[in-house]
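Take a look at the letters that make up each chain.
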Amino acid sequence: MDLTATTSALAAAAGEVARLLPSRVLDPVLAGLLLRADGGGVELSGSDREHGVRLTRPATTHTGGVALVPAKPLAETLRTLDAAQVRLVVEGSRLAVRTPTARFALPLLDVGAHPGVPALPPVCGRISGAALAAAVPPVAGAASRDDALPIFTGVRVRAEGDRLHLLATDRYRMAFASAPWRPAADGAPLDALAPATVLAEVAKQAAGSDLVALHADTDRIGLSWAGDSITTALLAAPFPDERARKLMEAVIDSTVLVDADALAGAVRRATPYAGPHGSVTLQVEDSELRVRGNDPQAGESEEFVKATVDGNRLTKTFQARYLSDALKAFSGRDVQLRIQDGIRSTVLTSRAGADGVELTYLVVPMRTNV
């Protein structure tokens, strides 16, 4: 194999493959990046039997072929190169990475021992890259990072008519997004629990694509766009959403309409005063929100943010980081806070943007007000 490619494009693709592959495995083949060069360019792929990724990039192929090398060392080498073009050449038992002034050599792994990249399941439908990029990050951000409870590390992906619904929760907060969707004419029903980290990675990579196809069967879910694709094993049967539906059908005691960025800024400035529990308090006034922090050692903060208020004047205390994450999802827009009395969730919503994405975020208040 012998090819020449643009360094930045190859480095970005190698980095994307490497991020989805494990760095510590008993079998180094599973941490390998598979390069396949032919007249159409170069395909970079990898699979650890759970995830599978294929990315195609332009390249001038001098000699076609296949090579398997450690993914992370190759990605890191390409990332640090200054040269505009890079040449990859198989030399004996090494893959040489060449520029006009430097040469690096990585060991070749056994291509025959690689499990291969799983084929994509059948297509269920398509969504625009912009809508996917708007809907997935805030929802995936609400999923748990605790692998001990894998069901909460996923995003429920469900199609209903011409809308695609995404739902995730870590039990302390919940995010729900609904986006325009084009179901395939003969596509199977889509209702799956997908790893949040993988969906977030795809949303970032495919943001500029016109359309992203979603593929699914009983075992795997996949996404493909512009010659690239990622597949991953499903986590489990989708968690029931009846409770989530009841949470969103809240009995509201106070409704507050406020600029999301202004409120996020006030919460950010109150965070150094959030105390040992990391809490900030929102107090609903007649035409504003009072944002307070109180720490016996660091001191206290108080800031007022203009708002349109309808309903009772309530006081709620939240984990600052959870509230900040929720507000970040509504950046650039007005957000409506639908506040319930007691320790019931506060519901954050906003009007759909130009991409047609509707977003709802629930944050559970803390039991004790500051």
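Described below are features of the structure shown in this document. Given the structure is predicted, the values throughout are model-derived calculations rather than measurements. (Residues numbered from 1 in each chain as written. Predicted model: local features only at pLDDT ≥ 70, side-chain atom pairs only at ≥ 80, totals over all residues. Heavy atoms only, no water.)

With that settled, consider the overall build of the chain. When helices and strands are counted, the chain shows seven helices and 27 strands. Its C-alpha atoms put the chain at 75 × 50 × 40 Å along the principal axes. Looking at the chain as a whole, 51% of its 370 residues qualify as buried. Relative to all contacts within the chain whose residues are 6 or more apart in sequence, the contacts with residues 24 or more apart total 67%. Accessible area of the chain: about 17,000 Å², with a carbon and sulfur share of 50%. The distance from the centre of the 39 positive side-chain charges to the centre of the 42 negative ones in the chain is 2 Å. (Helix = DSSP H or I, 4+ residues; strand = E, 2+ residues; numbered from the N terminus. Buried < 20%, exposed > 50% of the residue type's maximum accessible area, 1.4 Å probe, protein only. Contact = heavy atoms within 4.5 Å. Areas by Shrake-Rupley, 256 points an atom, 1.4 Å probe, with all protein chains shown as cover. Lys, Arg positive; Asp, Glu negative; His and termini not counted. Charge placed at Lys NZ, Arg CZ, Asp CG, Glu CD.)

Let us now look at the pattern of salt bridges. Applying the stated criterion across every chain, the model contains 19 salt bridges. In this structure, the salt-bridge partner of Arg79 is Glu76, at a minimum N-O distance of 2.5 Å. On the criterion of helical spacing, the pair formed by Arg79 and Glu76 is a turn pair, its members being three residues apart in helix H2 (residues 71–79). Judged by its relative accessible area of 56%, Arg79 falls in the exposed class. (Salt bridge = Lys/Arg side-chain N within 4 Å of Asp/Glu carboxyl O.)

Turning our eyes to something else, we now look at unusual backbone geometry. Phi at Arg49 takes a positive value of approximately 75°, unusual for a residue other than glycine. Look at Arg171: it is not a glycine, yet its phi comes out positive at around 85°. When you line up the elements, Arg171 lands in the loop between strand E12 (163–169) and strand E13 (173–180).

An order of E15-E11-E12-E13-E27-E26-E25-E19-E23 is seen for the nine strands of this open sheet, with the pairing classed as antiparallel. Strands at the two margins of the open sheet, each flanked by one partner only, are strand E15 (191–195) and strand E23 (308–311). Neighbour to neighbour, the strand axes of the sheet diverge by 15° on average, direction disregarded. Of the pairings in the sheet, the one linking strand E19 (residues 254–259) to strand E25 (residues 334–339) comprises six bridges and is antiparallel in character. Counted as the bridge partner of Thr255 is Arg338 from E25. Contacts from helix H4 (residues 196–205) reach strand E11 (154–160) and E15, with the element oriented near 85° to E15. (Pairing = 2+ DSSP bridges. Axes fitted to C-alpha atoms, helices over the stretch in contact; angles between N-to-C directions.)

The subject of this paragraph is the pairing of strand E22 (residues 299–306). Pairing of strand E21 (residues 288–295) with E22 involves eight bridges; the strand directions are antiparallel. Paired with Leu289 across the strands is Val305, a residue of E22. Two successive antiparallel strands, E21 and E22, enclose a turn made up of three residues.

Position of Pro137 among the secondary structure elements: in helix H3 (residues 129–140). Remark: the alpha-carbon pair of Pro137 and Gly356, spanning 219 residues in sequence, is separated by 15 Å. When sequence neighbours within four positions are dropped, the list of residues in contact with Pro137 reads Leu132 and Ala203.

Okay, the sheet that holds strand E14 (residues 182–183) next. Here we have nine strands laid out as an open sheet, ordered E6-E2-E3-E4-E18-E17-E16-E10-E14, and antiparallel in their pairing. Only two strands of the sheet have a single partner each, and these edge strands are strand E6 (65–70) and E14. Sheet topology note: the strand E17 (residues 220–225)/strand E18 (residues 228–233) ladder contains six bridges and is antiparallel. Across the sheet, Gly222 pairs through a bridge with Thr231, a residue of E18.

Right, let's talk about helix H7 (residues 320–328) for a bit. Listed as buried for H7 are Ala320, Tyr322, Leu323, Ala326 and Leu327. For H7, the arc enclosing every buried residue in end-on projection is 165°, short of the 170-degree limit, so these residues lie on one face. Opposite its buried face, H7 presents the exposed residues Arg321 and Lys328, each directed more than 90 degrees away. (Arc of directions from axis to C-beta.)

As a further point, take the side chain of Glu285. Among the structural elements, Glu285 can be located in the loop between strand E20 (279–284) and E21. With near-sequence residues (within four places) excluded, Glu285 lies in contact with Arg290, Val309 and Arg313.

The relation between two aromatic rings is expressed through the spacing of the ring centres and the mutual angle of the planes. With the rule as written, the count across this model stands at one aromatic pair. For the pair Tyr172 and Tyr322, a centre-to-centre distance of 6.4 Å together with 20° between the ring planes defines the contact as stacked. In this pair, Tyr172 is assigned in the loop between E12 and E13 and Tyr322 in helix H7, connecting sequence segments 150 residues apart. Given a relative accessible area of 44%, Tyr172 falls into the partly exposed group. On the basis of relative accessible area, Tyr322 is assigned to the buried category, the value being 9%. Above the ring of Phe152, the side-chain terminus of Arg171 is found at 5.6 Å from the ring centroid. (Phe/Tyr/Trp six-rings, centres within 6.5 Å; stacked < 30°, edge-to-face > 60°. Lys NZ or Arg CZ within 6 Å of the ring centre and 35° of its normal.)

In short, shape yes, function no, at least from these values alone.
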